[in-house]
Amino acid sequence: MEAGFYHQPVLLQEVLEHMQIRPDGLYIDATFGGGGHSRAILSQLGPQGRLVVFDQDEDAYRNRIPDDRVTFVRENFRHLERFTRLHKAQRADGILADLGVSSYQFDTAERGFSTRFDGALDMRMDNRSPVTAADVLTTYSEQRLHQLFQDYGEVTNSRTLAKTIVTLRKAHPCAPSLSSSRLSSPSSKATPPNTSPRSSRHCESR
Ligand SMILES: C[S@@+](CC[C@H](N)C(=O)[O-])C[C@H]1O[C@@H](n2cnc3c(N)ncnc32)[C@H](O)[C@@H]1O
């Protein structure tokens, strides 16, 4: 991870005002990211205060704050109850969740979140997960892709999109590597996805 800008915390003052931090309180930041909100909360905590933070992203974890009052849990916050119990932090005075993707994740091409860069279609927030977005696009059935785009894609053409991907896949079985910019391009409907050296090897070894 490059040093420098990671993420500009949104509504920082409003968040702090709303949370009414008690110096000896226990707070949870469910989405640590670059730690902007966490650092602000920490600055209002006294020596007895505690902050438990969650982020499933390895880069966010590398960015953690070296402070005895902070516990970093590198897990999906859906397990919040379990891990706060484990860390004896169930009785929180406030929980913050700044949902979504960080600027850092968007701006790092190889993470595959942005259509501005030509990166591999990874899109994993947690790189311990074995399944990338490219895996989904190259292995899911048309019906499953349609359902996925319909439920989560915020697109109006989920059926056509699923059909186009499966058609491309069938036509070019040895070129399964879709990149993020390629996926967003209108020409992706008509042309095969990029063939990377990695994807060719993958195909040969099958
Ligand atoms: C918008 S950023 C948070 C930025 C943060 N408030 C700051 O000031 O830098 C969202 C972060 O939440 C993490 N995240 C998103 N969904 C998550 C989940 N279900 N479990 C754990 N972390 C998650 C992402 O990895 C990302 O780092």
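Below is a short write-up of the structure. (Residues numbered from 1 in each chain as written. Predicted model: local features only at pLDDT ≥ 70, side-chain atom pairs only at ≥ 80, totals over all residues.)

**Topic: the site of the ligand**
Not every one of the 20 residues close to the ligand is listed here, only the nearest: P9, T31, G33, G34 and G36. For the shell around the ligand, the class distribution of residues is five nonpolar, 11 polar and four charged. (Near = placed C-beta within 6 Å. Nonpolar A, V, L, I, M, F, W, Y, C, P; charged D, E, K, R; others polar.)

**Topic: helix α2 (residues 36–43)**
The complete set of buried residues in α2 reads H37, S38, I41 and L42. The buried side chains of α2 occupy one side of the element, clustering within an arc of 135 degrees when seen end-on. Residues of α2 that are buried sit in contact with α1 (12–19), β1 (26–29), β2 (50–54), β3 (70–73) and β4 (94–96). (Buried ≥ 20, exposed ≤ 12 C-beta atoms within 10 Å, placed from the backbone. Helix = DSSP H or I, 4+ residues; strand = E, 2+ residues; numbered from the N terminus. Arc of directions from axis to C-beta. Contact = placed C-beta atoms within 7 Å.)

**A look at the nonpolar core**
Grouped together as the largest cluster of nonpolar side chains are 18 residues, with contacts concentrated most on Y27, I41, L51, V53 and F54. Contributions of two or more residues to this core are made by β1, α2, β2 and β3. In terms of residues, this core owes the most to one element, β2, which gives four residues. Setting aside chain neighbours within four positions, we find L51 in contact with Y27, D29, S38, I41, L42, L45, R69 and V70. With nine residues, the next largest nonpolar core counts A120, L137, L161 and L168 among its residues. (Core = buried A, V, L, I, M, F, W, Y, C linked by C-beta atoms within 7 Å.)

**Comments concerning the packing of helix α7 (residues 142–152) against helix α8 (residues 158–171)**
Following both chains from N to C, one finds α7 and α8 inclined at 140 degrees, their axes separated by 8 Å at the closest point. Viewed along their axes, α7 and α8 adopt a mutual orientation that is oblique. Viewed along their axes, α7 and α8 form a crossing whose handedness is right-handed. Along its contact with α7, which presents E142, L145, H146, F149 and Q150, the element α8 presents S158, R159, L161, A162, K163, I165 and V166. (Axes fitted to C-alpha atoms, helices over the stretch in contact; angles between N-to-C directions. Parallel < 35°, antiparallel > 145°, perpendicular 65-115°, else oblique. Left-handed = near helix turned anticlockwise from the far one by under 90°.)

**What about unusual backbone geometry?**
Positive phi, normally seen in glycine, also occurs at L11, with a value near 50 degrees. Of note, L11 is situated in the segment before α1. At M123, a position not held by glycine, the phi torsion is positive, near 65 degrees. Its place among the elements puts M123 in the loop between α5 (103–107) and α6 (133–139). For M123, a count of 18 C-beta atoms within 10 Å puts it in the partly exposed group.

**Observations regarding the sheet that holds β3**
Here four strands make up an open sheet; going across it, the order is β3-β2-β1-β4 and the pairing parallel. Edge positions in the open sheet fall to β3 and β4, since each of these has one partner strand only. Pairs of neighbouring strands in the sheet enclose a mean axial angle of 15 degrees, with direction left out of account. Inspection of the sheet shows β1 paired to β2 by four bridges, in the parallel sense. The residue bridging Y27 from the neighbouring strand is L51, located in β2. (Pairing = 2+ DSSP bridges.)

**With respect to the pairing of β1**
The two faces of β1 match: L26 and I28 on one face and Y27 and D29 on the other face are all buried. Handedness of the β1-α2-β2 crossover: right-handed. Here β1 runs beside β4; their pairing, made up of three bridges, is parallel. Each bridged residue has a counterpart across the sheet, and for Y27 the counterpart in β4 is G94. (Right-handed = clockwise from strand over helix to strand, strands pointing away.)

**What about α1?**
α1 sits mainly on the outside: zero of its eight residues count as buried. Taken from the residues just after α1, Q20 is the one with a positive phi, measuring 45 degrees.

**Some remarks on the packing of α1 against α2**
Contact pair α1 / α2: the axes reach a minimum separation of 10 Å and the direction vectors enclose 45 degrees. Looking at the two axes, α1 sits oblique to α2. Considering how the two elements wind past one another, α1 and α2 form a crossing that is right-handed. Residues L12, V15 and L16 of α1 touch α2, and the partners they reach there are G36, H37 and A40. Residues belonging to the contact of α1 with α2 are distributed by class as follows: four nonpolar, two polar and no charged.

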